[in-house]
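Next come the chains, spelled out residue by residue.
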Amino acid sequence: MYNAIPLFVAALIAVGVIAIGCFYLVSPERISGSFGLNPPASDAYTRAWLRLKGIRDVASGLLVLTMMLTADRRSVGIALIVFAIIPLGDMSIVLGSGGSKSRAFSIHGVTCAVMLVVGLLLIHAI
């Protein structure tokens, strides 16, 4: 049972990232405020840039799910650790841009930490 928990959390992370990515694709101006920065302009160019984030999120989540189905736990763990760079970068951007510190740490920072812990657990799983 213990070994199943990190895989379950990895699947939750992947599905959550896919869902967030879908929101950015469908309605970027509605979800962009949750990122931790002031809501951006609602012009077509800004929406296009926000949709790039959506594509990145969907692809990242799908890759983790695909690896869970086709690779060993260690490989999934390595992928999660590598992908933890994304929320770390997002947190850094929010903090460096004068955005919400609470959202930077509670959304992006916690996501990064969970991905690192789960990745390490999967790498060292027996």
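Residues numbered from 1 in each chain as written. Predicted model: local features only at pLDDT ≥ 70, side-chain atom pairs only at ≥ 80, totals over all residues. Heavy atoms only, no water.

Draft legend 1. Fine view of the overall build of the chain. What the chain contains, in helices and strands, is 6 helices and 0 strands. For the chain, the sequential pattern of α-helices and β-strands runs α-α-α-α-α-α. The C-alpha atoms of the chain give 15 Å as radius of gyration, which agrees with the globular expectation for 126 residues (14 Å, within 12%). Once the C-alpha set of the chain is aligned to its principal axes, its extents read approximately 50 × 25 × 20 Å. Within the chain, the proportion of its 126 residues that are buried is 34%. Once local pairs closer than 6 in sequence are excluded, the contacts in the chain between residues at least 24 apart make up 72%. Of the accessible surface of the chain, which amounts to about 7400 Å², a share of 73% is contributed by carbon and sulfur atoms. (Helix = DSSP H or I, 4+ residues; strand = E, 2+ residues; numbered from the N terminus. Rg over C-alpha atoms; globule rule 2.2 N^0.38 Å. Buried < 20%, exposed > 50% of the residue type's maximum accessible area, 1.4 Å probe, protein only. Contact = heavy atoms within 4.5 Å. Areas by Shrake-Rupley, 256 points an atom, 1.4 Å probe, with all protein chains shown as cover.)

Draft legend 2. Quick peek at the pattern of salt bridges. Counted by the stated rule, this structure contains 4 salt bridges. Across the salt bridge formed by arginine 47 and glutamate 29, the nearest N and O atoms sit 3.7 Å from each other. Separated by 18 residues along the polypeptide, arginine 47 in helix H3 (residues 44-70) and glutamate 29 in helix H2 (residues 28-31) bring together distant segments of the chain. For aspartate 57, the salt bridge is made with arginine 56, and the minimal N-O distance between the two is 3.3 Å. Through salt bridges with shared partners, a single ionic network connects Lys53, Arg56, Asp57 and Asp90. (Salt bridge = Lys/Arg side-chain N within 4 Å of Asp/Glu carboxyl O.)

Draft legend 3. The arrangement of the layout of surface pockets in detail. Put simply, the largest pocket is a space of about 420 Å³. What lines the largest pocket is a set of 25 residues, and nearest its centre among them are Val17, Ile20, Lys53, Asp57 and Thr111. No other element matches the 7 residues that helix H1 (residues 4-26) contributes to the lining of the largest pocket. For the lining of the largest pocket, the per-class residue count stands at 15 nonpolar, 6 polar and 4 charged. What lines the second largest pocket is simply Tyr24, Ser32, Phe35, Leu37, Asn38, Pro40, Trp49, Leu50, Lys53, Arg56, Asp90 and Ile93. For the lining of the second largest pocket, the elements supplying multiple residues, two or more each, are H3 and helix H5 (85-96). Ranked by residues supplied to the lining of the second largest pocket, first place goes to H3 with 4 residues. Its residues placed into classes, the lining of the second largest pocket shows 7 nonpolar, 2 polar and 3 charged. (1 Å grid on protein atoms, 1.4 Å probe; cavity = no way out; pocket = protein on both sides within 12 Å on 5 of 7 lines; lining within 4 Å. Points joined across faces, edges and corners; volume = space filled by probe spheres on them. Nonpolar A, V, L, I, M, F, W, Y, C, P; charged D, E, K, R; others polar.)

Draft legend 4. Structural context of a nonpolar patch on the surface. Judged by side-chain polarity, Tyr45, Trp49 and Leu52 come together as a nonpolar surface patch covering roughly 460 Å² of accessible area. As for its position among the elements, leucine 52 is in helix H3. The exposure class assigned to leucine 52 is partly exposed, which follows from its relative accessible area of 47%. (Patch = residues over 30% accessible without salt bridge, like charges linked within 9 Å, V, L, I, M, F, W, Y side chains within 5 Å.)

Draft legend 5. How the structure looks around the side chain of histidine 108. Among the secondary structure elements, histidine 108 is positioned in helix H6 (residues 101-123). Those residues in contact with histidine 108 that sit more than four places away from it in its chain are Phe35, Pro87, Asp90, Met91, Val94 and Arg103.

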